[in-house]
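Below, each chain spelled out in residue letters.
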Amino acid sequence: LQSLDVANNQLRELPAALADCPRLKEANFRGNQLRDKRLEKMVNGCQTKAILEYLRAGGRGKGKVENAREEVRKKKREKQQKKDSGDGEQDEVEEASRLLVKVLHVSENPAPLVVKVSPGVKDVRAFIVCCVLKGVNLKPGNALKRFLTMQTKLHEDICEKRTVATIATHDLQLVKAPLTYGVQPPDELKIVPLGRKEIKAKDLLRQLQLEAEEQRKQKKRQNVSGLHKYLQLLDGKDNYPCLVDAEGAVISFPPITNSEKTKIRKETQDLFLEVTSDTSLQICKDVMDTLILKIAELNRSALENREGSGSDVELDALCGPGNTNPPLVVEQVRVVDMDGNLKVLYPSKTDLATVSSLLTVIR
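All values derive from a computational prediction rather than experimental measurement.

Here is what the cut-offs are and how they apply
All residue numbers refer to positions counted from 1 along the written sequence of the respective chain. With the structure being a predicted model, the display of local features is reserved for residues of pLDDT at least 70 and the display and counting of side-chain atom pairs for 80 or more, all residues being used for whole-chain, interface and lining totals. With hydrogens and water excluded, all non-hydrogen atoms of the structure serve as input to the side-chain values. The buried label goes to any residue with under 20% of its type's maximum accessible area, the exposed label to any with over 50%, and the partly exposed label to all in between, with areas taken from a 1.4 Å probe on protein chains only. Elements are defined by DSSP. Helices are runs of H or I of four residues or more, strands are runs of E of two residues or more, and each kind is numbered from the N terminus. Strands are treated as partners if at least two bridges between them are detected by DSSP. Aromatic pairs are defined between Phe, Tyr and Trp rings, using the six-membered ring for Trp, whenever the two ring centres lie within 6.5 Å; interplanar angles under 30 degrees are classed as stacked, those over 60 as edge-to-face, and all others as tilted. In this scheme, the term charge over a ring applies when either NZ of a lysine or CZ of an arginine sits within 6 Å of the ring centre and within 35 degrees of the ring normal. In this analysis, axes come from line fits to C-alpha atoms, helices being fitted only over the stretch in contact, and the angle between any two N-to-C directions falls in the range 0 to 180 degrees. These descriptions rest on fixed angle ranges, namely under 35 degrees for roughly parallel, over 145 for roughly antiparallel, 65 to 115 for roughly perpendicular, and the rest for oblique. By convention, the crossing between two helices is left-handed when the near helix turns anticlockwise from the far helix through less than a right angle, and right-handed when the turn is clockwise. In what follows, a contact means two residues having at least one pair of non-hydrogen atoms within 4.5 Å. Ten residue types, Ala, Val, Leu, Ile, Met, Phe, Trp, Tyr, Cys and Pro, are classed as nonpolar, four, Asp, Glu, Lys and Arg, as charged, and the remainder, Gly among them, as polar. Here a cavity is any set of points on a 1 Å grid over the protein atoms alone where a 1.4 Å probe fits but cannot get out, and a pocket is any open set with protein on both sides within 12 Å along at least 5 of 7 lines; a residue lines the site when it has an atom within 4 Å of a point. Grid points are joined across faces, edges and corners, and a volume is the space filled by probe spheres set on the points. pLDDT measures how confident the predictor is about each residue, on a scale from 0 to 100. What we call a nonpolar core is a set of buried Ala, Val, Leu, Ile, Met, Phe, Trp, Tyr and Cys residues that are connected through their side-chain atoms within 4.5 Å. Multiplying 1.5 Å by the helix residue count minus one yields the expected span of that helix. We count a salt bridge whenever a side-chain nitrogen from Lys or Arg sits within 4 Å of a carboxyl oxygen from Asp or Glu.

**Some thoughts on the pairing of strand β14 (residues 328-337)**
Part 1: Along β14, seven of the 10 residues are buried, which leaves the element largely enclosed by surrounding structure.
Part 2: Alignment of strand β3 (residues 99-104) against β14, held across four bridges, turns out to be parallel. Across the sheet, the residue bridging to leucine 104 is glutamate 331, located in β14.
Part 3: Examined bridge by bridge, strand β4 (residues 114-117) and β14 share four bridges and lie parallel to one another. From the neighbouring strand, valine 117 faces β14, where its bridge partner is aspartate 337.
Part 4: Across four bridges, the pairing between strand β5 (residues 127-134) and β14 is antiparallel. Looking at the pairing, leucine 133 lines up with valine 330 of β14.
Part 5: Connecting β14 to the antiparallel partner strand β15 (residues 342-346) that follows it, the hairpin turn spans four residues, and glycine 340 within it adopts a positive phi of roughly 90°.

What follows is the structure, encoded as structure tokens:
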């Protein structure tokens, strides 16, 4: 099905199955008294692709259970399509539903971000991988809350409660480059942790350990919970790792916290992402791959399941010129030593391979 004209009929709703027609490019639904008033607005002013995306998301107002059922039905339909029309068309359907990420190479970037690494981190927390991610949408509904929850889950799962790696996410507009990843003594390193006032690193660590111990007592456990095991990673260290901006402010103190100075907000669109580890460089890359995938999933969800009033402004954003879930842009970030020699470039040609089944990378 490539073209469909059902204008000026008595349709009350549009079937979600239309969203699974990969070749449908032109559709006219105007002049129907649709029950979903937002959809009725869309058919009068939006491109066909935006309308189909709305139908694919199940429309606004459906509960999570109904959306889950629709997802199951969609998978069944896709299986049936594969049987009926062979692999070619099915591949087209799958390709259309894959998430898009475009890589901006250092050579194409007029002002690439660089992170310098001092030799001192080798004995404390040697590995760091960074990149910039542009085009994130955290404004709709509880998108920001979902973003922070996602980060917490990654810390608990793939990062093994922060013991093998730690993620830090920053608002790029608040990051003052160039950045230096180095070490400072515990009684000299100062940071304004998320949700707290400026404090010395050793005092912050002591404070967090006391809070963890208090929680252990309240829950009557023998040991401090796994969630707080990362606090022990810096025990006995003469220096603590930190990421410092051009103004000398510590914006990240891994694996403990990052700074209120570069905190993510609803208005944030461009992110600076950082993953550190004392285990291996590959773990940093694997975690970063997964982080980008999860952000891409959240971003598409935010675009498809717009929450709020459904105002004309929102509809313009959803249906606006050429809007078809634009790809996120990942800018390469070089990590170099103090002499400028390259240590790590992310994403390189071999990166993002671990999530390639779900992500289409335009290089």
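Picking up after the structure, the text goes on.
**So, the packing of aromatic side chains**
Part 1: Going through the model one piece at a time under the given rule, you end up with one aromatic pair.
Part 2: Seen from their ring centres, tyrosine 240 and phenylalanine 253 are 5.5 Å apart, and the 20° between their planes marks the pair as stacked. Taken together, the positions of tyrosine 240 in strand β10 (residues 240-244) and phenylalanine 253 in strand β11 (residues 250-253) put the pair 13 residues apart, joining distant regions of the chain. Like phenylalanine 253, tyrosine 240 is buried.
Part 3: Sitting above the plane of the tyrosine 230 ring, arginine 162 keeps its charged end 4.3 Å from the centroid.

**With respect to the packing of helix α1 (residues 37-45) against helix α2 (residues 48-56)**
Part 1: Orientation of α1 relative to α2, taken along the N-to-C sense of each, is 160°, at an axis distance of 9 Å. Relative to α2, the element α1 lies roughly antiparallel. Regarding α1 and α2, the two cross each other, and that crossing is left-handed. Between α1 and α2, the residues in contact are Arg38, Leu39, Met42 and Val43 and Ala50, Ile51, Tyr54 and Leu55, respectively.
Part 2: The class makeup of the residues in the contact of α1 with α2 is seven nonpolar, no polar and one charged.

**Focus on unusual backbone geometry**
Part 1: Geometrically, the link from alanine 177 to proline 178 is a cis peptide bond, its omega value of 0° lying close to zero.
Part 2: Along the chain, proline 178 turns up in the loop between β6 (166-171) and β7 (179-184).
Part 3: Its identity as a non-glycine residue notwithstanding, asparagine 8 has a phi of 55°, on the positive side.
Part 4: Note on placement: asparagine 8 falls in the loop between β1 (3-5) and β2 (26-28).

**Re empty space enclosed by the protein**
Part 1: Evaluated as defined, the whole model comprises two cavities of 30 Å³ or more.
Part 2: Along the walls of the second largest cavity sit Val136, Asn137, Leu138, Ala143, Arg146, Phe147, Ile295, Leu298, Asn299 and Ala302, which together make up its complete lining.
Part 3: Among the elements of the structure, α4 (143-156) and α6 (281-304) are those that each provide at least two residues to the lining of the second largest cavity.
Part 4: A class-by-class count of the residues in the lining of the second largest cavity yields seven nonpolar, two polar and one charged.

**Topic: the confidence of the model for the protein chain**
Part 1: Summary statistics for the protein chain give a mean pLDDT of 85 and a share of 83% for residues scoring 70 or more.
Part 2: Throughout residues 60-66 the model reports pLDDT below 50, and contacts reaching past four residues in sequence, or to other chains, amount to eight contacts.

**Remarks on the nonpolar core**
Part 1: Within the largest apolar cluster, 51 residues are counted, with the highest numbers of intra-cluster contacts made by Val115, Phe272, Leu273, Met288, Ile292, Ile295 and Leu359.
Part 2: Top element by residues in this core is α6. It accounts for nine residues.
Part 3: When neighbours within four sequence positions are excluded, leucine 359 is seen to be in contact with Arg98, Leu99, Val101, Ile292, Leu293, Ala296 and Leu352.
Part 4: One finds Ala201, Ala212, Tyr240 and Val244 within the second-largest nonpolar core, a separate group that totals 18 residues.

**Concerning α4**
Part 1: A rise of 1.5 Å per residue sets the reference length of α4, with its 14 residues, at 20 Å; its end C-alpha atoms lie 20 Å apart and thus fit the reference within 8%.
Part 2: Looking at the buried residues of α4, the elements they touch are β6, β13 (270-277) and α6.

**Digging into the pattern of salt bridges**
Part 1: Here the structure, examined in full by the defined rule, presents 11 salt bridges.
Part 2: Here aspartate 203 ties to arginine 206 by a salt bridge, and the two come within 3.0 Å at their closest N and O atoms. Residue aspartate 203 and its partner arginine 206 are both found in helix α5 (residues 201-218); the two are separated by three residues, about one turn of the helix.
Part 3: A relative accessible area of 27% means that aspartate 203 is categorised as partly exposed.
Part 4: Take arginine 206: its relative accessible area is 46%, and that puts it in the partly exposed class.

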